[in-house]
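# Inside the fold
Below are the chains, spelled out letter by letter.
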Amino acid sequence: MSRFQSRRSHFLIPPSVPSGHSSVASSASSTPIPSRSGSPLPQFLVNSRPVLSTTSDTDSDPATATLLRNRNPWRQERRPWWQMSRRSRRRPGRTWRFLNRWAKRIVRHPLFPRQPITIVLSLILLSLFAIFLTLLLMYILNPDKDPLPWRAYCSMPSMNSPPDPNNPSLYHDPYYNHSIGMTTPPFPHDELDALPPAGLFVGVFSTDSSFERRALVRSTWASHPRSREGAGDGDDGVGTSRTIVRFILGQPRKDWERRIQLEMEEYNDIIILPVAENMNAGKSHTYFSWASINAWVPPVYMKTPVAPPLFSYSNASKPPPPLSSHDPSHSWQDISNPHPQSWVRPDFVVKVDDDAFVMLAELEARLRLEIHAKPPADASSAHRTIHRRSDTLLRHNNGSYRKLLNVMPANTYPTFQEQDPLIYWGYLVTNRLHRFMAGELYALSWSLVDWVARDPSVKELTRGAEDKQTAKWMKMHPQAEKVRWVSERCWIYDHPRAGTVYGHGFLFPSEVRRVRKHMFSALQRLLYSGTSSYISTPASWAHSSVSTFHARYTPPVSDLSTLESIEALVEGSEMSLIRPDTSSALSVTSTQDAVSRAWANREGRNARYEGKRVGGTIVVHFIKQNTWFLETALALLEGEDYTEAESQKEDTIVKMSAHDWIAS
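With an unreviewed UniProt entry as reference, the chain is termed Glycosyltransferase family 31 protein, source organism Lentinula boryana. Recorded in UniProt under Sequence similarities (unreviewed entry), the annotation for the chain is "Belongs to the glycosyltransferase 31 family." As recorded by UniProt, the Subcellular location (unreviewed entry) comment attached to the chain reads in full: "Golgi apparatus membrane".

A word on the UniProt feature "transmembrane region" (unreviewed entry) in the chain. On the UniProt side, "transmembrane region" (unreviewed entry) is annotated at positions that read residues 117-141 here. The distance from the first to the last C-alpha atom of residues 117-141 is 36 Å, and the span holds 100% helix and 0% strand.

Glancing now at the pattern of salt bridges. It is possible for side chains of opposite charge to pair when their charged atoms get near one another. Under the definition given, this model contains 26 salt bridges. Across the salt bridge formed by R366 and E362, the nearest N and O atoms sit 2.4 Å from each other. Taken together, the residues span about one helical turn, with R366 and E362 both in helix α13 (residues 360-371) at a distance of four residues. For R366, a relative accessible area of 5% translates into the label buried.

Okay, helix α23 (residues 626-637) next. Across its twelve residues, α23 extends 16 Å between first and last C-alpha, which sits within 8% of the 16 Å expected from 1.5 Å per residue. Within α23, the full set of buried residues consists of W628, F629, E631, T632, A633, A635, L636 and L637. Directly after α23, the chain includes G639, whose backbone phi takes a positive value near 105 degrees.

On to the sheet that holds strand β1 (residues 200-205). Within the open sheet, the seven strands sit side by side as β3-β2-β1-β6-β9-β8-β10. Their pairing is mixed. The open sheet is flanked by β3 (270-276) and β10 (484-487), the only strands paired with a single partner. Mean inter-strand twist for the sheet, computed between neighbouring axes without regard to direction, equals 30 degrees. Of the strand pairs in this sheet, strand β8 (residues 423-430) and β10 are connected by four bridges, and their pairing is parallel. Paired with I423 across the strands is R484, a residue of β10. Across the sheet, α13 touches β1, β2 (243-251), β6 (348-353), β8, β9 (435-445) and β10, and the angle it forms with β8 is around 115 degrees.

The strand order β7-β12-β11 describes an open sheet built from three strands, whose pairing is mixed. In this open sheet, the two strands that pair with only one neighbour each are β7 (357-358) and β11 (492-494). Bridge count between β7 and strand β12 (residues 619-621): two bridges; the pairing is antiparallel. Counterpart to V358 in the pairing with β12 is V619.

Criteria and thresholds
- Residues numbered from 1 in each chain as written.
- Predicted model: local features only at pLDDT ≥ 70, side-chain atom pairs only at ≥ 80, totals over all residues.
- Heavy atoms only, no water.
- UniProt positions renumbered as here; feature names shortened; annotations may be inferred.
- Helix = DSSP H or I, 4+ residues; strand = E, 2+ residues; numbered from the N terminus.
- Salt bridge = Lys/Arg side-chain N within 4 Å of Asp/Glu carboxyl O.
- Buried < 20%, exposed > 50% of the residue type's maximum accessible area, 1.4 Å probe, protein only.
- Expected span 1.5 Å × (residues − 1).
- Pairing = 2+ DSSP bridges.
- Axes fitted to C-alpha atoms, helices over the stretch in contact; angles between N-to-C directions.
- Contact = heavy atoms within 4.5 Å.

This is the structure in structure tokens:
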């Protein structure tokens, strides 16, 4: 045998190794024994049966055999793959084969695109289908499909705050439809100026880049005398002497930090919240939480026939902070004294969007009456009183304030210490999904603000549409049945150019009086029918002489001057009713004559406000362009009290009266 063969046989059949023990099994010494481990597999894959040995020690020791069998307990607990069911082993592959089979069928279908042009066309069709499906879902889910009956809102208290069909007992007055068939009493109340002014902290939500809009707000409704004092001669700013306007921002971006710091130093009217800038991710809750600690307003500077009511927060005070240029003039006068009066907590904290135009005197007048209104102690008893006498209508449409002032003399106001007012005020949005105060402007009384900031359950509901979240907070209040949801649907609307369901022309009290006169017959039919509302409101109730729903606004005449174009945006004005006659050859001349006649016959501010200080538009919303903002400022803040035609007519009446007196 050669050396190679010897090595090969030695490798294949290694020589036997004699055992060092004497045993009966020694006769088996000729059995080949491997010189190394029989398998290179890891320990947990080694066969669990004990390895045969020529020794008899392990065979004769049961404890040792048991230890060898259990030396890998993890392996004993693990289920081997060969013991798994065939269904369990094939499940992932089975699903993949199913999908693969159907994908192949689709790709091999004769109609499946294979050429580049067919692939492109298919992608276009799929995109169009996705767009169509998205628009369809948006239309189905959008509750604002038809223009709202704003004429009924201004005429029928029952339409201003409809009842909640799901839970009418959850809210106090606005959801109990006790005002069926009743007309809206005149506003303001005769004794409005006898009440002490309400303290309002108005927070305008803005962003770091909205410098132009903040500048417009400062120069218009935040400081203009006709916004703070009202129409006519005004009240010398007494009503808004406790109204403070501040801009609420989140953390500015790095590129805007320097500019915001300079703006803060210049105007003293910017509040930076400790939260990233957002709209529906907790900014509103952070604002109310900040206000519960840092919101202060001036005190009542002058004496009024009715003493200020006393609430739980009436004694809180703080030295006056640095003033802004648009703060009340009474605050500037007081701070110049050696010992200025301390500031106090506001009665209301107001949240406003920067695309809203606010008439401060109108807002303060409504909230002043609310803060002095006495809520009914029991809803059922209040309803019984209402049904017995229609002149005792509570708060809902301002008719309640007459009863309030007659039965509550000044010396009875300490009863308010028993319960701070819980008021949630704004434009009530109602649809099949939600009921909430619209986010362009809503106000919370101080007790609600303090509760929102402290309640831990509210902090878990800060993300989502902020106005809807605020309504959820009000329903979570421990005394939710006492929270008064006060709705104002007539004097809060969208800009005429907005084209939304909430939009119409700029509204004044004189036009609303004419609207109520025209709606009187419909109101009588509603009263005699005994129903709470019409099944479907007539289209005429939503008619506007200025705007059309889902249609872009176009002026009645193309070549109007600036002031004439503003007049054309006023609801019911003669200028807004002009329709050019294109069928006649003299259409241009006749149109110009109609424009001149409409401008000469326009109403002055005194006629539009019917000689009163307040009673008109509170908020104009959805002002998305600065041009629209300036149009609103011209319509609501500018203009003469008496037009030339009205002055001439007044002079004629005076002369005739003097002539008759001389003749007599």
